[in-house]
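Structure at a glance
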Amino acid sequence: QVQLVESGGGLVQPGGSLRLSCVASGSIFSRHRMGWYRQAPGKQRELVATITSGGSTNYADSVKGRFTISRDNAKNTVYLQMNSLKPEDTAVYYCNTNINGILYWGQGTQVTVSS
């Protein structure tokens, strides 16, 4: 059973920064692509960023140049560094992975960007 636990969300002013963390259970973490998604109130969940087992990254256009996804396989952890935050980044952020066709999600962490 894979478990994903996110942390690091909170309230931040526009232009500020936050770093989200997602710790995954299990020793197979390093072999799988990890992703961050977000869901704002009244909107569908959307992809934010992904990182492969080899470290290749992909970003939504809306966060390119502001967000950075990274991983530490020794700690079974994936990070999302978010800089220059905007009010439209307000959402619940979820960690995700797909193992053998099964999607796993964390419980989510709230990010609120407001003055």
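Report follows, based on the coordinates. (Residues numbered from 1 in each chain as written. Predicted model: local features only at pLDDT ≥ 70, side-chain atom pairs only at ≥ 80, totals over all residues. Heavy atoms only, no water.)

1. Describing the overall build of the protein chain
Applicable threshold: Strands here mean DSSP runs of E at least two residues long; helices mean DSSP runs of H or I at least four residues long; both are numbered from the N terminus. A radius of gyration in this sense is built from C-alpha atoms; the matching globule rule multiplies 2.2 Å by the number of residues raised to 0.38. Per-residue accessibility, obtained with a 1.4 Å probe over protein chains only, is compared with the maximum for each type, and a residue is labelled buried under 20%, exposed over 50%, and partly exposed between these values. Two residues qualify as a contact provided that any one of their heavy atoms is within 4.5 Å of a heavy atom in the partner residue. Surface accessibility follows the Shrake-Rupley procedure with a 1.4 Å probe radius. Residue values consider only the protein chains on display as shielding.
Helices and strands together make up the secondary structure of the protein chain, namely zero helices and eleven strands. Along the protein chain, helices (α) and strands (β) appear in the sequence β-β-β-β-β-β-β-β-β-β-β when read from the amino end. What you see for the protein chain is a C-alpha radius of gyration of 13 Å, in line with the 13 Å of a compact globule of 115 residues. For the protein chain, the C-alpha atoms occupy an extent of roughly 40 × 25 × 20 Å along the three principal directions. Counting over 115 residues, the protein chain shows a buried share of 43%. A fraction of 53% describes how many contacts in the protein chain between residues 6 or more apart in sequence connect residues 24 or more apart. Working note: accessible area of the protein chain is about 6,100 Å², and carbon and sulfur atoms make up 45% of it.

2. Some words on the pairing of strand β9 (residues 91-99)
Quick note on the threshold: Between any two strands, pairing holds if DSSP finds at least two bridges.
Buried residues dominate β9, accounting for seven of its nine residues. In terms of strand pairing, strand β4 (residues 34-39) meets β9 through six bridges, oriented antiparallel. Bridge assignment links Q39 to a residue of β9, and that residue is V92. In this structure, β9 lies alongside strand β11 (residues 109-113), joined through three bridges in antiparallel fashion. Residue pairing for β11: V92 is matched across the bridge by Q110. Linking β9 to strand β10 (residues 102-105), which pair antiparallel, is a turn of two residues; within it N100 sits at a positive phi near 55°.

3. Some thoughts on the environment of N73
Note on placement: N73 falls in the loop between β7 (67-72) and β8 (77-82). Once the C-alpha coordinates of N73 and S30 are considered, the two residues, 43 residues apart in sequence, prove to be 5.3 Å apart. Among all residues touching N73, those that are not within four sequence positions of it are F29, S30 and S53.

This is a description of form; function is not addressed.
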